[in-house]
Amino acid sequence: MRLLLLIALLCLSPLLPAKAQSLDLTHATLVALPASGPEQAAVTLLLEEVAKRTGIAWEQGDQGAGPLVVVGQGTQMGALLPADLRSAWTAPVGWGREGYALRTFTYQGRPLIAIAGHDARGVLYGIGHLLRSLAMEKGRAVLAAPLNVTATPEKTLRSHQIGYRFKNNTYDAWTLAQFEQEIRDLAVFGSNAIQVIAPISDDEKASPLFPAPADETIIGIAGILAKYGLDFDLYYPVIRADYGDPAQVAAELADFEALIQRFPAIHALYVPGGDPGHTPPDHLFPLLEKLAARLHRHHPNAELWVSTQGFDQAGYEAFYRQLDRQPAWLTGIFIGPQSRDPMAVQRARIPARYPIQAYPDIGHTLHAQFPVADWDPAFALLEGREPISPRPADMALIYRHFQPLFTGFVTYSEGVTDDVNKMLWSQWGWSATRDPVEILRDYARYFLGPAIGQQQADRAAALIQDMERNWRGPIRQNAGIGATLQGFQALDHGVAPGNWRWESLLYRAHYDAYARRRSLAETEREARALDALRQAPRLGAATAMADARTALAAVDDAETGRLRNRLMELAGRLYRHVGLQLSVRLYGASNWERGANLDRIDTSLNNRLWLEKQFGMIAALPDEATRLQQLAVLVDWEQPVPGALYDDLGDPARSPHLVRGPGQALDPQFFQTAIHSIADVTPGPDWRLSWVTYGETLYDSPLTLRYRDLDPAKSYRLRITYAGEDYHLPIRLVANGQIEIQRDFSRQKNPSIWEGTIPPAAIHKGQLTLQWFRPAGMGGSGRGKQVAEVWLLPMVSVEKN
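One structure accompanies this document, and this report is about it. Just so you know, these numbers come straight off a predicted model, no measurement behind them.

Cut-offs used in this document
Residues numbered from 1 in each chain as written. Predicted model: local features only at pLDDT ≥ 70, side-chain atom pairs only at ≥ 80, totals over all residues. Heavy atoms only, no water. Helix = DSSP H or I, 4+ residues; strand = E, 2+ residues; numbered from the N terminus. Rg over C-alpha atoms; globule rule 2.2 N^0.38 Å. Contact = heavy atoms within 4.5 Å. Areas by Shrake-Rupley, 256 points an atom, 1.4 Å probe, with all protein chains shown as cover. Polar contact = N/O pair within 3.5 Å; in protein donor to acceptor, adjacent residues only side chain to side chain. 1 Å grid on protein atoms, 1.4 Å probe; cavity = no way out; pocket = protein on both sides within 12 Å on 5 of 7 lines; lining within 4 Å. Points joined across faces, edges and corners; volume = space filled by probe spheres on them. Nonpolar A, V, L, I, M, F, W, Y, C, P; charged D, E, K, R; others polar. Salt bridge = Lys/Arg side-chain N within 4 Å of Asp/Glu carboxyl O. Buried < 20%, exposed > 50% of the residue type's maximum accessible area, 1.4 Å probe, protein only. Expected span 1.5 Å × (residues − 1). Arc of directions from axis to C-beta. Axes fitted to C-alpha atoms, helices over the stretch in contact; angles between N-to-C directions.

## As for the overall build of the protein chain
Thought 1: A tally of helices and strands in the protein chain yields 24 helices and 28 strands.
Thought 2: Relative to the globule expectation of 28 Å for 801 residues, the C-alpha radius of gyration of the protein chain, 30 Å, shows essentially globular dimensions.
Thought 3: Taken along the three principal axes of its C-alpha coordinates, the protein chain extends 105 × 65 × 50 Å.
Thought 4: Of the contacts formed within the protein chain by residues at least 6 apart in sequence, a portion of 77% connects residues at least 24 apart.
Thought 5: Accessible surface, the protein chain as shown: approximately 30200 Å² in total, 52% of it carbon and sulfur.

Below, the structure written as structure tokens:
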């Protein structure tokens, strides 16, 4: 009878609202309605996650004297009421599939928190809302204020990709228990599916770190998802050489069927058009139709999605023609990296019957779908493409820019370095308008507060925002980097090792500070070295070079050394606590670019190694005059003649003539916006720093430099350093939209320097626009139009008639 009374209180409108004050749920009693399967798993999740953080096991039943937490599906509640009260329960206004309602009452002088789910998943997400709201630490669980909320997700799919493969920076070291915890954490923040990469993809068949075979682990993940009532989706690249060959099609179908029949359930199959894969649409679609038939043989209700990744312009047109046939076996289109047609264009061309899902890259900072805007080269060189990268402001911009076009999303991820971003996307799938600051506070309260103390959780959330601001603007001018580190250090006193999320944030804060100190010191060393070389006419070439070597060889100060040691320590902790592989040599990462930025910790941030090689060659020259002349070339690299106009296109702070385009806010994928990036090399004997970095634009958008206020009476020469990745695309350079300077230029070596004359007609009005193009219509990543340095060099004045 007492249980019925509690349920009656839950089902009635909140006539007994709790006062707007904090509620102590430390010794709450859980009243769970009869449940099994996923709903029971959700209740267990609640009990275990509270106990894990507080050390207190909530009682179960209806006899407790303290606060009450009542959990169940809304449809069950009315059925359990006495007949004269059943009409009192009405479903909350506005909820729907996966929705939930939380209500707070005062019952006999104590708080009662009611969690009603629209369905079993709604129960899980209602529990997640309570957990995110609770301030939990050892011996304590408190709500800051009563909860009275109704929520239904805006997006039908809120999913994240897991790759149990060598290329991943974390997951290949995980056990099934770790995967279950990750799935729980994502569900608490509102995710409803996991997409797992098939065992065979563009990677090694196994990782040395695998605790279990790939097939066994992936099937285990599917079972965990079924336990919580969440969807298991399979990402299945088709990567055989030629699907125009019937034998290869037959082999693919046999392998596919042997794999999918081993899974208890597959909600959806995702086949990328490319990245990986290279199958033309006219071969891809017949293959997909055959895959769909076998898929539905074992999983009759499974969906099938395909992407346009990697296609060139002709491939897109072939893809759209296939869609115009409106195949019934196709569910929809997902749009991810390496897609040359923007999402809005694809939505306009794709028949309305097919929904669109986003497949955003939320973990990479460069050579990526969403690069960090105007990233200082020091960060790029040291922290690399896949660092620990909470980007709340960037992610909010990206999500809100594209979300009107998609019905759901699967984030592309290579491990835990983008953990904050996953939680942000999960929550925006419920409400695109939710403030990222609020989500960060939930993140800090739930994941960090039990370790650092709940009084510090909001401060930790603010520091995550500061961490994103660390990457804004020139690193040497950003004094906030040191303040961010000091903030984290202040919260770290007395925190026991083991909370990997906290340790990952500490690692990033220390790396940012380390990068700034290194950049400041190495820039100063090179400046002193160049000052020494300027004394060569007075002191002689040998003495000047010796003094320059001494300046360049200065060692890092003690504080830089302490930061370096701390990074090494934190990297070890992160490997032990979560399997994050921050080093190839130490922790078995697949490649330095795959999150292993500890291996970049000693990367040069100046031209020391290149200068040392030049000094050796100059010392071998036969006469002093020539040696002095060559030293002058080094000193005057950027200003070889008076009035020279120089752009280091890889450095946002040193490319004054670059036309940057609309910018990240209007163009999050940088389709029309210039990008600053780095090559897959580091500064060394054969690579100046200004050659390692470069500027580029994507696909058919030209890379543009614009000069104003030139002297029409002068002639100009153009000097260009082409450098970057090992692309060998023919480049066309045009002045003022019509005067061709270079046609089908392809660098024969990397880097390559070209020099030529600007036709006088190009500058007769005192202005000059230079534009670089790559061949139109190409697909893939859209990259390859890479220019490192440009000089516009005035020559002897020409008299006008």
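## A few points about unusual backbone geometry
Thought 1: In the segment running from aspartate 275 into proline 276, the intervening peptide bond is cis, with an omega of 5 degrees.
Thought 2: With respect to the element layout, proline 276 can be found in the loop between β13 (268-271) and α8 (281-298).
Thought 3: Of note, the amide linkage connecting asparagine 750 to proline 751 takes the cis form, showing an omega dihedral of 0 degrees.
Thought 4: Considering the arrangement of structural elements, one finds proline 751 in the loop between β24 (739-745) and β25 (752-758).
Thought 5: In this structure, glutamine 108 takes a positive phi of about 50 degrees despite not being glycine.
Thought 6: Relative to the assigned elements, glutamine 108 resides in the loop between β5 (100-107) and β6 (110-117).

## Focus: the side chain of glutamine 454
Thought 1: Its place among the elements puts glutamine 454 in the loop between α14 (436-452) and α15 (457-470).
Thought 2: At 2.9 Å, the side chain of glutamine 454 and the backbone oxygen of arginine 445 are in polar contact.
Thought 3: Among residues more than four places away in sequence, those in contact with glutamine 454 are Ala135, Met136, Glu137, Arg140, Arg445 and Gly449.

## Some points on empty space enclosed by the protein
Thought 1: All chains considered together, the criterion is met by nine cavities of 30 Å³ or more.
Thought 2: In this model, the largest cavity occupies a volume close to 80 Å³.
Thought 3: Residue lining of the largest cavity: Tyr722, Tyr727, His728, Leu729, Ile731, Phe745, Ser746, Arg747, Gly784 and Gln786, and that is the complete set.
Thought 4: A class-by-class count of the residues in the lining of the largest cavity yields five nonpolar, four polar and one charged.

## Focus: the pattern of salt bridges
Thought 1: Across all of its chains, the model carries 59 salt bridges by this definition.
Thought 2: A salt bridge links aspartate 255 to arginine 240, with the nearest nitrogen and oxygen atoms 2.7 Å apart. Pair noted here: aspartate 255 is in helix α7 (residues 246-260) and arginine 240 is in the loop between β12 (231-235) and α7, with a separation of 15 residues, a long-range link.
Thought 3: Residue aspartate 255 is classed as partly exposed on the basis of its relative accessible area of 40%.
Thought 4: A salt bridge links arginine 573 to glutamate 503; its shortest N-O distance comes to 3.0 Å. Taken together, the residues arginine 573 in helix α20 (residues 558-578) and glutamate 503 in helix α17 (residues 500-534) connect sequence positions 70 residues apart.

## Points about α7
Thought 1: The end-to-end C-alpha distance of α7, which contains 15 residues, comes to 21 Å, matching closely the 21 Å that a straight helix rising 1.5 Å per residue would cover.
Thought 2: Regarding α7, the residues found buried are Val249, Glu252, Leu253, Phe256, Glu257, Leu259 and Ile260. Down the axis of α7, the buried side of the element spans an arc of 160 degrees, and every buried residue falls inside it.
Thought 3: Near the N-terminus of α7, the side chain that reaches the backbone nitrogen of alanine 247, with its oxygen 3.0 Å away, is that of aspartate 245.

## Brief notes about the packing of α8 against helix α9 (residues 313-324)
When two helices pack together, their arrangement is given by the angle between their axes and by how far apart the axes lie.
Thought 1: One can describe the packing of α8 onto α9 by two numbers: an axis separation of 9 Å at closest approach and a directional angle of 35 degrees. Contacts from Pro281, Asp282 and Phe285 in α8 reach Gly315, Ala318, Phe319, Gln322 and Leu323 in α9.
Thought 2: Within the contact of α8 with α9, the residues separate by chemical class into five nonpolar, two polar and one charged.

## Section: the environment of proline 342
Thought 1: On the secondary structure map, proline 342 appears in the loop between β15 (332-335) and α10 (343-349).
Thought 2: Judged by its relative accessible area of 30%, proline 342 falls in the partly exposed class.
Thought 3: Between the C-alpha atoms of proline 342 and phenylalanine 671, which are 329 residues apart in sequence, the distance is 8.1 Å.

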